[in-house]
Amino acid sequence: NQASSVAIEATAHNVGGADLDLSAGSTTAGTTADIAGGDLTLNGGQGKGSGVGGKIFLKNAPAGATGTALNALSSTMTLTEGRVGIGTETPNAGALLELASITQAFILPRMNTTQRDAIAGENGMLIYNTSTDKLNAFCNGSWEQVTSA
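Let us look at the structure shown here.

The rules behind each value
- Residues numbered from 1 in each chain as written.
- Predicted model: local features only at pLDDT ≥ 70, side-chain atom pairs only at ≥ 80, totals over all residues.
- Heavy atoms only, no water.
- Phe/Tyr/Trp six-rings, centres within 6.5 Å; stacked < 30°, edge-to-face > 60°.
- Buried < 20%, exposed > 50% of the residue type's maximum accessible area, 1.4 Å probe, protein only.
- Salt bridge = Lys/Arg side-chain N within 4 Å of Asp/Glu carboxyl O.
- Pairing = 2+ DSSP bridges.
- Helix = DSSP H or I, 4+ residues; strand = E, 2+ residues; numbered from the N terminus.

### Describing the packing of aromatic side chains
- Following the criterion strictly, the structure yields one aromatic pair and no others.
- Ring centres 5.2 Å apart and planes at 75 degrees place the aromatic pair Phe-138 and Trp-143 in the edge-to-face group.
- You can call Phe-138 buried: its relative accessible area is 10%.
- Judged by relative accessible area, which is 16%, Trp-143 ranks as buried.

### Considerations on the pattern of salt bridges
- A full pass over the atoms with the stated rule returns one salt bridge.
- The partner of Asp-117 in a salt bridge is Arg-116, with the nearest N and O atoms 2.8 Å apart.
- The partly exposed category is assigned to Asp-117, whose relative accessible area is 47%.
- Of the residues examined, Arg-116 reaches a relative accessible area of 12% and is grouped as buried.

### Considering the sheet that holds strand β5 (residues 110–111)
- Spatial ordering of the open sheet is given by β5-β6-β7-β8, a layout of four strands whose pairing is mixed. Each having just a single partner strand, β5 and β8 (142–145) make up the two edges of the open sheet.
- With four bridges joining them, strand β7 (residues 134–139) and β8 adopt antiparallel strand pairing. Its bridge partner being in β8, Ala-137 is matched across the sheet by Glu-144.

Printed below as a string of structure tokens:
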């Protein structure tokens, strides 16, 4: 086993960009059973002393208007299957997302009533309303204030 580095060079003008598929390595066909594939780890640059380490950004360029202008990059991440765990290496099998911490909290998106009303609501959405200092949930086609019983 050996570590590898991969780079894709820029493409020529008027040519589509190259795809880059990263794979941690799969086992080859054979007679041995129960062999695990390799892990894929993305590391930002490591800082030293008071220097902060590098960040990892996942960006794509969604389609824009017709024309020759480059589409703006936006930070996105799409997973078509599986589970996501932050703070855990083994997310609960019944969860799409598991956040685990004994020292940090989850913060909902914070916006005022005008900003909240400008988004397309979907049943199940939650926000913290800074105009009312209350949790809001989108239920049955409208925003409702979450109250205690």
